[in-house]
Structure formats: C-alpha cells, structure tokens
Amino acid sequence: MSGHATTSLHHGPPGAARRIDVEPARWRDAAREALDAGLRFSGLFGIEGAGGVMAAALFGRSGEERLLVCDPGPATIVPSLLGIVPAADWDEREAHDLYGISFSGHEPLRPLVHHSDDLDSWTVEVGGEDTHQVAVGPIHAGIIEPGHFRFHVVGERILHLDLRLFYSHRGLERAAEGREPADALRHAQRACGACAVANSVAFAHAWESAGGLWPDAELARARTTLLELERLYNHLGDISAVCAGVGFAPGTAAFAALKERALRLNRSLAGHRFLFDSVAVGASRLQVDESRARRAREELRELADESARAWRELRFAGSLQERLAGVGVVSREQALRHGAVGPAARACGVARDARTLSPRLAYGDFSPARPPSPTGDVAARVDMRAVELEQTLGLLDGLLGRAIEPARCEPLDSAAHGGDVGVGRIESPRGESVCVVSAHDGRVARMHLRSASYANWPLVAQAARGELLPEFPLINKSFELCYACCDR
Amino acid sequence: MFLLLRQLQRLRRQIALPPEERRGSLALRHVDTGSCNACEHELAATAGPHYDLQRHGLNIVASPRHADVLLVTGPVTRRMAGPLRTAFDAMPEPRLVAALGDCALGCGVLGSRAELAGPLEEILPVALRIPGCPPSPQAIADALLELLALHHGWTR
Ligand code: SF4
C-alpha cells in the first residue's frame, strides 16, 4: 500500500472521476478550462440516463479525471468542441450516430459508425483535373481485419483518404450495460484479441477506482507482467508485418518466429496464447511459481538475444531501410493536434506514455523510450518498436524475478473516493487506451472504451497524404492499428 | 541478411516439420466478419515458419475468385453480412465454407443483438467447423489438412 500515499491528491485516488455538470452554453468554456488546467482530452461519448441522452467529455491525466456532462435539452444539440479539441472529431461523429446528439459548429457532421450508401455523405469532395477514387475493402487481399478505404488520387498520388471502419462494430458497450463487472470485463477483453490485457486492465482499473479499491503490490506486478507480455508479442509481430509490407521475407519470417515463441511463453505462464481471462476485477488470475518464473526469464533472455541479433540484421539491410525512410511522415505538430498516442506519437518526438503515470501498476520510475531519431516516418515507427522491445524485455526480467503469488485489491480508507465513475488509462502496445465505467447498484451502467487505435486512426489518413498508393500498406502496417477495438 | 537466413535455416531444422507426404492443394480465402482479431493472428501463424501450411498446398489467396474454401472468422456483424455474401457468390464451384473460431460457430458470442446478423450457419452452408477461442495454429492446420485429405480422396 505504498503507492497511494504519494498520489492521494485532493481529487481522490487516481482514476476516480469528478463529474461536473455543465450547461450547453458553458460546454466549450468548461473544456477550455480543463485544457488550461493541464488535462488532456480523453474521449467524448453519449450516455443514456433516466432523463434522456447526455453528452460526456473526459479530460484528465493520472491524478485527476474530470468528466464534463452536458444535458443537451430536448433539441439534443451541444456546441462542438472541434475548434478547441480537433481530436474530438470521431467522438462527436460517433455520439451523433449512436446517441443522436448533434454538435453545432461541426459541419458537415459525417456519419462514422453508421454506413450510408450515399457516398457524398461520408467522403470529402476532391476535385481537379484527373482526380479519381480508388475503393479498397472491406475485404482485403491478406489476412486482415475489415475496413474500407477510399483513396482520392491523381495517378498514383494520394490526395486524400477517407476511412470507413466499424465493420466489426458488435455493440459491445451497449451489451455490457447492466452486467456484473466480471461479465462486463469480458466484453472489454473480447473487444480486441491483440489488446485483450490492456483493455481488461483498463476496465478493471476503472471499476476499482469507482469502487474505491486499490490493488496490492502483488496484483500490480501480476498485471504489469501481463501488459508487458502483451506488448512483447505485439511489437515482434509489428516488426514482422512491416517487413512483409515491403516484401522482405527473411525479416518477416524471423520476427514471426520470435512472435510465435512469445505466444508459447504466454501459454506456459498464463494458460492462453493471447492471455485471455488472465485479468479479473479486484483479484489476480496470474500465479507463477518460482521455477516457472525462472524458466520464463531464461526464455526471455534468449528471446532478447535473438531479437537483438535479428534486428541488427534489419538495420544493415540497405534495401529494407531505403524503403522505410521518409515514408508516411507525421509531424510532431500533427501528432499533438490530433492527440496521437503510443509508439506512433513517440516516433515524432511526443514523449507520452501512460506507463509513466500508473500508480496502480508496478512501473516504478519508468520513463518513455526515445526514438533514435524522431522523424515521424515509417522508419521511426519501426525503430520505436525495437527500442521499446528492449525496454519491455528488461522490465519483464525484473518483474519475473520471483514467483507471482495470489493477490487482490484492498479497500481504500479514504473517505472521499470519487463516487461512481472510474477511469482506467493503460498504455497498450499501440498507445494509451482509456476506459470509463460508471457503476450503479454493483452493475455497469455505462462502459466506454477509447482505444489507442481509435485515437490514432485519423493519423493514418494524414500520413497517407501525398504518398503513392502502393506505399499505403506499408504506412498502415507501421501504425499496425486494430480495427476490432476501434469498432467495438 | 546472410545471418538472418542462416538463423532461419537453423530454426527450420529445430522445428523438424513432418514431411509433406501427399499431393493436392486448396486455395483459401479468409473473411473477417467482425472477429476480435485473435483468430486472424492464429490463422496467419499457420503460414509462419513453425507450421508452414503452404508446403502442403494450402494457400491463402487474394481473391474469392481463386478460392476453393471460404474461411470465415467472427460472429458476422450487420455490416459484414453483405460483403460476406458477395465474397461467397464470387467463388467458383465447387466451393465450401469453413467456420474458424467459436464466434463463427455462434458459440459464446458477445455483442448487441441489433448489431449482429449471424450466426454464420444461417447465412451460408458451413462444411467445416474449427472450434476454439481462438483455435490454435495446430488445430487450424490439422483441420485444414483433414479437409485436404477428404478433398483428394486420401486418408491421413
Ligand atoms: S472465437 Fe475468440 S478469438 Fe476468435 S474472434 Fe471470437 S472472441 Fe476472438
């Protein structure tokens, strides 16, 4: 219980959200004040209550979470935050599609989750001599999740890209409403196979924050271990995917083989290759005895050696490096403006990582990895994976230094814990994912999951601008975003 | 590069995959109808160095027009039901549908009724079922080899 002594701010324990009700006329001002207070925009969504539909916007960082809630009245219109928070673009479109809230000033308010046959309703008009459109998907040529891309091109040059995702929309948030926390957690977990741990720990943190629970040190270590195991196989797989994106088969195969080893290690430690069902609310589901921990560390050290060796080979493969440099550039300004997260943000010099502010986890005095050169291109995003891989392997070596024992949460003695809304922020392999949960009578009233992929997808479209059409698969793979946890 | 290839060669010897003893091939087309993506990871792994299904003549092809088998993952969301049918209709006959993973089998599906069009069985005729959440690459490999055996009239 050492953690929260240092973090017991006057706002309550980290994760507990302070709800502030705001009139539509004050909505923008309240958002601006939150930003001025150093809080970051972390999602906007609709809530359905007894009194009708309301808009909610989350601003925060670990230590303070401010949930602005606005009753839009019978006309269901609130002012758009777009002018202050460009990153709210998709959120407002989603809240309009799913909750019928209109946002004055957001024009045109294009559909996002809803799919319309009317092309003009969701694509940007691009004109000029010789411009035409290339439509790709939702079914792609490889083993890829569904999504539709509409490229506006001249010849092969991409002028603009409209994304239409949400083919994997399963209505998981709605389906989680009214459920017991353990059941709702499964919904967060199955939202995405590749971020299963990140999403479930985000949910667990949110629920525990709302209920005034604090994980003991052993639980923090168990969850941190799982999160890093998830990052390990993802980053290995991402490097493999980028090699595949330029047809560099030896690199693809070498890193696919390393990823397979990481998945087998997951199975031996947690009983599942993708670590499913290894996270529970208020308790630990991961126990590792002394000898298994030792064997896991040995395997991880071998993995570290081999991945370092394979990475060195990639560094010196001139034909590969030539293809990565200068492609799909995202500037630091763009990243900040659009609220980019994760390796993609760090690759252009935005040193943001939710692990630095995670008192509920066992990251200690973590500081984000730095890219060799923050050029914001495909090369920098791949380099970032390699640097973080090394960091993750180092963390795991420490985390598995001894057995992981049964663990649980303890109630906080603090009289003023937040109330019934909690927030969990987790650095998934793709960046910060945020889960907001409101509780009612021991059940989930509303769960909202804004995954790192959701935050970064608009950046993919930005990065594609001005590039050649055949470069797109490579650019896309350098972000390697999920469709499943974006779509939910 | 040279080192990398040597490392892969060594890996190949270590894994010591059984020899491919029979002839024949099946072209597979995959459609994700709203899966969580773990089924995709495992399907992709069957093409990786530890399983290497291609050496049995099992290939993932780029178009349903070239495919014998439609490998379907996910619970079939409302938005993917149309594209799924289009892909099936584009396939030449004889063709068959394989359900990959519990979601595609309609087991333990999570989501809102209004957003789901599945189960797959009610949309397309399913000939092969590969259970698991997700099925392991070995399970996928075994099921597909079984199918290949049936298809070419030899027994494994
Ligand atoms: S069967 Fe399991 S692994 Fe496969 S898509 Fe469904 S939830 Fe994901």
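So, how was this worked out
- Residues numbered from 1 in each chain as written.
- Chains lettered and ligands numbered in written order.
- Predicted model: local features only at pLDDT ≥ 70, side-chain atom pairs only at ≥ 80, totals over all residues.
- Heavy atoms only, no water.
- Domains from an automatic or database assignment.
- Near = heavy atom within 4 Å.
- Nonpolar A, V, L, I, M, F, W, Y, C, P; charged D, E, K, R; others polar.
- Axes fitted to C-alpha atoms, helices over the stretch in contact; angles between N-to-C directions.
- Helix = DSSP H or I, 4+ residues; strand = E, 2+ residues; numbered from the N terminus.
- Parallel < 35°, antiparallel > 145°, perpendicular 65-115°, else oblique.
- Left-handed = near helix turned anticlockwise from the far one by under 90°.
- Contact = heavy atoms within 4.5 Å.
- Pairing = 2+ DSSP bridges.
- pLDDT = per-residue confidence, 0-100.
- Buried area = accessible area lost by both parts, 1.4 Å probe.
- Salt bridge = Lys/Arg side-chain N within 4 Å of Asp/Glu carboxyl O.
- Polar contact = N/O pair within 3.5 Å; in protein donor to acceptor, adjacent residues only side chain to side chain.
- Buried < 20%, exposed > 50% of the residue type's maximum accessible area, 1.4 Å probe, protein only.
- Disulfide = S-S within 2.5 Å.
- Expected span 1.5 Å × (residues − 1).
- Core = buried A, V, L, I, M, F, W, Y, C linked by side-chain atoms within 4.5 Å.

Annotation of chain A at the domain level lists domain 1 (6-104), domain 2 (119-164) and domain 3 (176-456). The distance between the C-alpha centroids of domain 1 of chain A and domain 2 of chain A comes to 32 Å.

As a further point, take the site of the ligand. Around the ligand, the structure places Arg190(A), Ser35(B), Cys36(B), Ala38(B), Cys39(B), Gly101(B), Asp102(B), Cys103(B), Gly132(B), Cys133(B) and Pro134(B). Bordering the ligand are residues originating from chains A and B. When the residues that make up the shell around the ligand are grouped by side-chain class, the tally is six nonpolar, three polar and two charged.

We now examine the packing of helix α7 (residues 217-245) of chain A against helix α9 (residues 290-315) of chain A. Residue and element names in this part refer to chain A. In contact at an axis separation of 13 Å, α7 and α9 are set at 20° when each is read in the N-to-C sense. When the axes of α7 and α9 are compared, the pair comes out roughly parallel. Here α7 and α9 pass one another in a crossing that is left-handed. Contact residues: α7 offers Leu 232, Leu 236, Ile 239 and Cys 243, while α9 offers Leu 300, Leu 303, Ser 307, Trp 311 and Leu 314.

Before going further, it helps to examine the sheet that holds strand β1 (residues 17-22) of chain A. Residue and element names in this part refer to chain A. With mixed pairing, the four strands of this open sheet are ordered in space as β1-β4-β3-β2. A single partner strand is all that each edge strand has here, and the edge strands are β1 and β2 (40-49). On average, each strand axis in the sheet is inclined to that of its neighbour by 25°, with strand direction left out of account. Examined bridge by bridge, β1 and strand β4 (residues 64-70) share six bridges and lie parallel to one another. If you follow Ile 20 over to β4, its bridge partner there is Leu 68. Contacting β1, β2, β3 (52-61) and β4, helix α1 (residues 27-36) crosses the sheet at an angle of about 175° to β4. Across the sheet, helix α2 (residues 89-99) lies against β2 and β3, angled at about 10° from β2, the strand it touches most.

Of the residues in chain B, 96% have a pLDDT of 70 or more, and the chain-wide mean is 91. Across the predicted assembly, pTM comes out at 0.94 and ipTM at 0.93.

Contact with chain B, which involves 43 residues of that partner, is made by 49 residues of chain A. Across the chain B/chain A interface, buried area totals approximately 3,700 Å², and carbon plus sulfur atoms make up 64% of it. Among the residues chain B hides against chain A, the three largest losses belong to Leu4(B), Arg79(B) and Leu110(B). Together they make up 19% of the total. Arg273(A) serves as the salt-bridge partner of Glu42(B), at 2.5 Å between the closest nitrogen and oxygen. Joining chain B to chain A, the criterion identifies 14 residue pairs in polar contact (both at pLDDT 80 or more). Contributions of two or more residues to the side of chain B that touches chain A are made by α1 (2-15), β1 (26-32), α2 (38-46) and α3 (78-90) of chain B. Across the side of chain B that touches chain A, the residue classes tally to 27 nonpolar, ten polar and six charged.

Moving on: the environment of Arg465(A). Residues and elements named next belong to chain A. Along the chain, the position of Arg 465 falls in the loop between α14 (452-464) and α15 (472-479). In this structure Arg 465 comes out as partly exposed when scored by relative accessible area, which is 45%. Once the C-alpha coordinates of Arg 465 and Leu 286 are considered, the two residues, 179 residues apart in sequence, prove to be 44 Å apart. Beyond its immediate chain neighbours, meaning those up to four positions away, Arg 465 contacts Ile 158, Leu 159 and His 160.

Residue and element names in this part refer to chain A. Ordered in space as β7-β8-β9, the three strands form an open sheet in which the pairing is antiparallel. On the outer flanks of this sheet lie β7 (131-136) and β9 (157-164), each paired with one strand and no other. Neighbouring strand axes in the sheet, compared pairwise and without regard to direction, differ in orientation by 20° on average. Here seven bridges tie strand β8 (residues 148-154) to β9, and the two strands are oriented antiparallel to one another. Of the residues in β9, the one forming a bridge with Val 154 is Arg 157.

Residue and element names in this part refer to chain A. For the pair helix α13 (residues 378-399) and α15, the least separation of the axes is 9 Å and the interaxial angle reads 30°. Judged by the twist between their axes, the crossing of α13 over α15 is left-handed. Here Val 378, Arg 381 and Arg 385 of α13 lie close against α15, whose contacting residues are Leu 474, Ile 475, Lys 477, Ser 478 and Phe 479. For the contact of α13 with α15, the per-class residue count stands at four nonpolar, one polar and three charged.

Residue and element names in this part refer to chain A. Across all of its chains, the model carries zero disulfides over all chains by this definition. Cysteine Cys 243 remains unbridged, with the sulfur of Cys 482 as its closest cysteine sulfur at 19 Å. With a relative accessible area of 2%, Cys 243 lands in the buried category. Cys 485 supplies the cysteine sulfur nearest to Cys 486, a cysteine that is in no disulfide, at a spacing of 7.5 Å. The exposure class of Cys 486 is buried, given its relative accessible area of 0%.

It is worth spelling out the pattern of salt bridges at this point. Residues and elements named next belong to chain A. A complete count under the given rule lists 43 salt bridges over all chains for this structure. The partner of Arg 26 in a salt bridge is Glu 33, with the nearest N and O atoms 3.2 Å apart. Of the residues examined, Arg 26 reaches a relative accessible area of 37% and is grouped as partly exposed. Look at the salt bridges and you will find they share partners, linking Glu 228, Arg 231, Arg 346, Asp 353, Arg 355, Glu 388 and Glu 427 into a network.

Residue pairs spaced three or four apart in an α-helix point in one direction, given the helix's 3.6 residues per turn. Between its terminal C-alpha atoms α13(A) stretches 31 Å, which fits the 32 Å expected from 22 residues at 1.5 Å a residue. Summarising burial for α13(A): 17 of the 22 residues are buried, a large majority.

Let's shift gears to the nonpolar core. Residues and elements named next belong to chain A. If you look at the biggest cluster of nonpolar residues, it comprises 117 residues, and the most contacted ones within it are Trp 90, Phe 203, Leu 232, Leu 314, Leu 324, Trp 457 and Phe 479. Among the elements that make up this core, the one with the highest residue count is α7 (ten residues). When residues of this core are sorted by domain, at least three fall in each of domain 2 (119-164) and domain 3 (176-456). Sequence-distant contacts of Trp 90, that is, excluding residues within four places in its chain, are made with Leu 112, Leu 163, Leu 165, Phe 166, Tyr 454, Trp 457, Pro 458 and Cys 486. Counting 24 residues, the second largest nonpolar core, distinct from the first, contains Ala 34, Phe 41, Val 53 and Ala 57.

Here the focus is helix α8 (residues 249-270) of chain A. For α8(A), spanning 22 residues, the distance from its first C-alpha to its last is 31 Å, which sits close to the expected 32 Å at 1.5 Å a residue. Gly271(A) occupies a position one or two residues after α8(A) and carries a positive phi of about 80°.

A word on the confidence of the model for chain A. In this model, chain A carries a mean pLDDT of 91, and residues with pLDDT of at least 70 account for 96%. In this model, residues 1-11 of chain A is a region of pLDDT below 50 whose contacts with residues beyond four sequence positions or in other chains number 15 contacts.

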